[in-house]
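A look at the structure
What follows is each chain in one-letter form.
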Amino acid sequence: MDSKQRIANALKVATDTKVFEMGPGVSSMAPDVFKTFFPGKTAKIIADINTWPALGEKVYGLFVEAGIPTEKFIIMEKEFHAEWEYIEMVDKELDGGYIAVSVGSGVINDLCKLCSHHHGQQYLTLPTAASVDGYSSFGASISYQNSKQTFSCPAPVAIIADIDVIAAAPKEMTAAGYADLAAKVPAGAEWMVADLMGTAPIKPDAWHVLQDYLDDLLANPTGVAVGDPDAVADLFEGLTLSGIAMQAAQSSRPASCCDHLFSHILDMTHHRFNGKLQSHGFQVAIGTLTMCAVFDELFKMDLTKLDVEACVKAWPDLEEEQERALLIFKDFPAPKLGYECITKKYNDAPTVREQLTKVRDTWPEFKKKLQGQVYSFAKMRNLFKAAGAPYDPSMIGVTRQQLKDMFPIVQLMRHRINVLDLAKRGMFYEDLVEPVFAPGGAWEIL
Ligand SMILES: [Zn+2]
């Protein structure tokens, strides 16, 4: 199946996005698309100091030439993340019936997405880098009250991806997007785990729209590293399909699990390296490799020997789990987060018995399926090396010990069941996590 066909199929399951144009020079189509969806409306081009010269100014000119009433808003900060103060800023800019035309990378798009939703409007996005999968996703990831949260809001009605611009983006941004796409490998495996445990059934539309092509779309990391237009187009397509998978699921489940949570911790603790905030994709790269290492360890285990009754007997009650969460999150910027999540995802002992029995009884086939999904740590690390993405936590200024210390928080910081929850239930959590950091392990602590 070629790219056009895949995209056409994806748009059929997309709930919000009606138009996806991708190719060299397609930004010239933006005025016509705007007129189709927003006849008679005033456009507001929203960009930042990097994306205005890269594309915003050109789009502004095209809109004016096409006779569309157009204004602009340029965020003048050198460095900014998706913080709530910018939501308030862009909300004000859209007061008075303006339609947002996002020209920028992930953060600008997320601001336009949530603010357009606040105004009950659709919007148009022109991405300037293949850096994240958020352009087409349902929901915006924003830091609010010390916590990285995904706010429910519709994806853009139209995405116009000019590959001339996207392939010329800084190399680190494209490499970051590669890692964000690669995260769907372990994220998919964790969805399979949650599916087997009966807490998050796999939605076929959301699964097939991306996962059927994921291996192919990740196959050219070297091309991504040199900004080859075809390789970058494949990457951008993969990121878009991932976003559409989230639209189809109305959740970020298809695109993120523990692989992303390490990054959320770094965001929430305002982590910097050499004075700089690290990109979403670079942080996700380390989470993704870590989860590949965890799966490597999982595959060494024989879960047909799980002593289900012993596990059920030792299974803590909700109050104990809540206390454990409060202790783990005591010094975290969101001290109640773990408590809230465990309260939502706690399963009682009979359910845990059912879950573990299923895992034990299907382990040989289930393991084979998981192995068909997830890449080994070694394979993923080689791909990241080739793509120019980080392949050691030190490359984003995180020590292996710090990474290890994040695990208890990662397990508990979302209400979704993950592979660490399975390990807790099956009493093999230590055996799963410790070897990753032990001598000979993927992140051996030296
Ligand atoms: Zn992501």
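No experiment lies behind these values; they were computed from the predicted model shown.

**Here we look at the overall build of the protein**
Per the secondary structure count, the protein includes 22 helices and ten strands. Relative to the globule expectation of 22 Å for 446 residues, the C-alpha radius of gyration of the protein, 22 Å, shows essentially globular dimensions. Each principal axis of the C-alpha atoms in the protein carries an extent, and together these give about 70 × 45 × 40 Å. For the protein, with 446 residues in total, the buried portion stands at 57%.

**Thoughts on the packing of aromatic side chains**
Applying the stated criterion across every chain yields a total of 19 aromatic pairs. Ring centres 5.1 Å apart and planes at 45° place the aromatic pair Phe-34 and Phe-38 in the tilted group. The buried category is assigned to Phe-34, whose relative accessible area is 1%. Of the residues examined, Phe-38 reaches a relative accessible area of 6% and is grouped as buried. Arranged with centres 5.2 Å apart and planes meeting at 45°, the rings of Phe-80 and Tyr-86 form a pair that is tilted. Connected via pairs of aromatic rings, a cluster forms that spans Phe-34, Phe-37, Phe-38 and Phe-63. Over the ring of Tyr-213 we find Arg-6, and its NZ or CZ is 5.4 Å from the ring centre.

**What to know about a negative patch on the surface**
A cluster of acidic side chains, namely Asp-317, Glu-319, Glu-320 and Glu-323, defines a negative patch on the protein surface. With respect to the helices and strands, Asp-317 occurs in the loop between helix H15 (308-314) and helix H16 (318-328). Take Asp-317: its relative accessible area is 36%, and that puts it in the partly exposed class.

**Examining the coordination of the zinc ion**
Looking at the zinc ion, the protein donor atoms are Asp-180 (OD), His-260 (NE2) and His-280 (NE2), and they sit 2.1 Å from it. Accessibility expressed as a relative area gives 5% for His-260, which makes it buried. The exposure class of His-280 is partly exposed, given its relative accessible area of 24%.

**Comments concerning the environment of Ala-233**
Mapped onto the elements, Ala-233 comes out in helix H12 (residues 229-249). Not counting residues within four places of it along the chain, the set of residues in contact with Ala-233 comprises Met-22 and Ile-163.

**Overview of the nonpolar core**
Formed by 115 residues in total, the largest nonpolar core has its most connected members in Leu-298, Leu-370, Met-380, Phe-384, Leu-420, Phe-428 and Leu-432. Split by domain, this core shows at least three residues from each of two domains, domain 1 (3-169) and domain 2 (180-200 + 254-437). Counting residues in each nonpolar core, the second largest holds 23 residues, with Ile-45, Val-101, Leu-126 and Val-157 among its members.

**Things to note about the domain arrangement of the protein**
On domain assignment, one finds that the protein holds domain 1 (3-169) and domain 2 (180-200 + 254-437). A separation of 32 Å is found between the C-alpha centroids of domain 1 and domain 2. Domain 1 puts nine residues into the contact, and the matching count from domain 2 is 14 residues. Taking both sides of the interface into account, the surface hidden between domain 1 and domain 2 amounts to around 1,000 Å²; carbon and sulfur atoms contribute 48%. The largest contributions to the domain 1 side of the interface with domain 2 come from Glu-79, His-81 and Lys-148, which together make up 46% of the buried area. At the junction of domain 1 with domain 2, the criterion picks out two salt bridges. For the salt bridge of Glu-79 with Arg-272, the shortest nitrogen-to-oxygen distance reads 3.2 Å. The interface formed by domain 1 and domain 2 contains four residue pairs in polar contact (both at pLDDT 80 or more). Residue classes in the side of domain 1 that touches domain 2 are distributed as one nonpolar, four polar and four charged.

**A few points about the pattern of salt bridges**
Between side chains of opposite charge, a pair can form as their charged atoms come close. Considering all chains together, one arrives at 15 salt bridges under this definition. Beyond isolated ion pairs, a larger network of salt bridges with shared partners links Asp-133, Asp-180 and Lys-184.

**A few points about empty space enclosed by the protein**
A complete count under the given rule lists three cavities of 30 Å³ or more for this structure. Roughly 40 Å³ of volume is contained in the largest cavity. Residue lining of the largest cavity: Trp-315, Glu-321, Ile-342, Lys-345, Tyr-346, Gln-411, Ile-417, Asp-421, Lys-424 and Arg-425, and that is the complete set. Going through the elements one at a time, helix H17 (337-345) and helix H21 (419-425) are the ones with two or more residues in the lining of the largest cavity. Element by element, the count of residues in the lining of the largest cavity is highest for H21, at three residues. Its residues assigned to classes, the lining of the largest cavity comprises four nonpolar, one polar and five charged.

**Observations regarding the layout of surface pockets**
As a volume, the second largest pocket reaches approximately 770 Å³. Around the second largest pocket sit 33 residues that line it, and Thr-150, Lys-344, Arg-414, His-415 and Arg-416 are the ones nearest its centre. When residues in the lining of the second largest pocket are grouped by element, the largest group, five residues, is from strand E7 (residues 147-151). Split into classes, the residues belonging to the lining of the second largest pocket amount to 14 nonpolar, eleven polar and eight charged. Both of domain 1 (3-169) and domain 2 (180-200 + 254-437) provide at least three residues apiece to the lining of the second largest pocket.

Cut-offs and rules
- Residues numbered from 1 in each chain as written.
- Predicted model: local features only at pLDDT ≥ 70, side-chain atom pairs only at ≥ 80, totals over all residues.
- Heavy atoms only, no water.
- Helix = DSSP H or I, 4+ residues; strand = E, 2+ residues; numbered from the N terminus.
- Rg over C-alpha atoms; globule rule 2.2 N^0.38 Å.
- Buried < 20%, exposed > 50% of the residue type's maximum accessible area, 1.4 Å probe, protein only.
- Phe/Tyr/Trp six-rings, centres within 6.5 Å; stacked < 30°, edge-to-face > 60°.
- Lys NZ or Arg CZ within 6 Å of the ring centre and 35° of its normal.
- Patch = residues over 30% accessible without salt bridge, like charges linked within 9 Å, V, L, I, M, F, W, Y side chains within 5 Å.
- Areas by Shrake-Rupley, 256 points an atom, 1.4 Å probe, with all protein chains shown as cover.
- Salt bridge = Lys/Arg side-chain N within 4 Å of Asp/Glu carboxyl O.
- Lys, Arg positive; Asp, Glu negative; His and termini not counted.
- Charge placed at Lys NZ, Arg CZ, Asp CG, Glu CD.
- Donors = N, O, S within 2.8 Å, 3.2 Å for Na, K, Ca; no water.
- Contact = heavy atoms within 4.5 Å.
- Core = buried A, V, L, I, M, F, W, Y, C linked by side-chain atoms within 4.5 Å.
- Domains from an automatic or database assignment.
- Buried area = accessible area lost by both parts, 1.4 Å probe.
- Polar contact = N/O pair within 3.5 Å; in protein donor to acceptor, adjacent residues only side chain to side chain.
- Nonpolar A, V, L, I, M, F, W, Y, C, P; charged D, E, K, R; others polar.
- 1 Å grid on protein atoms, 1.4 Å probe; cavity = no way out; pocket = protein on both sides within 12 Å on 5 of 7 lines; lining within 4 Å.
- Points joined across faces, edges and corners; volume = space filled by probe spheres on them.

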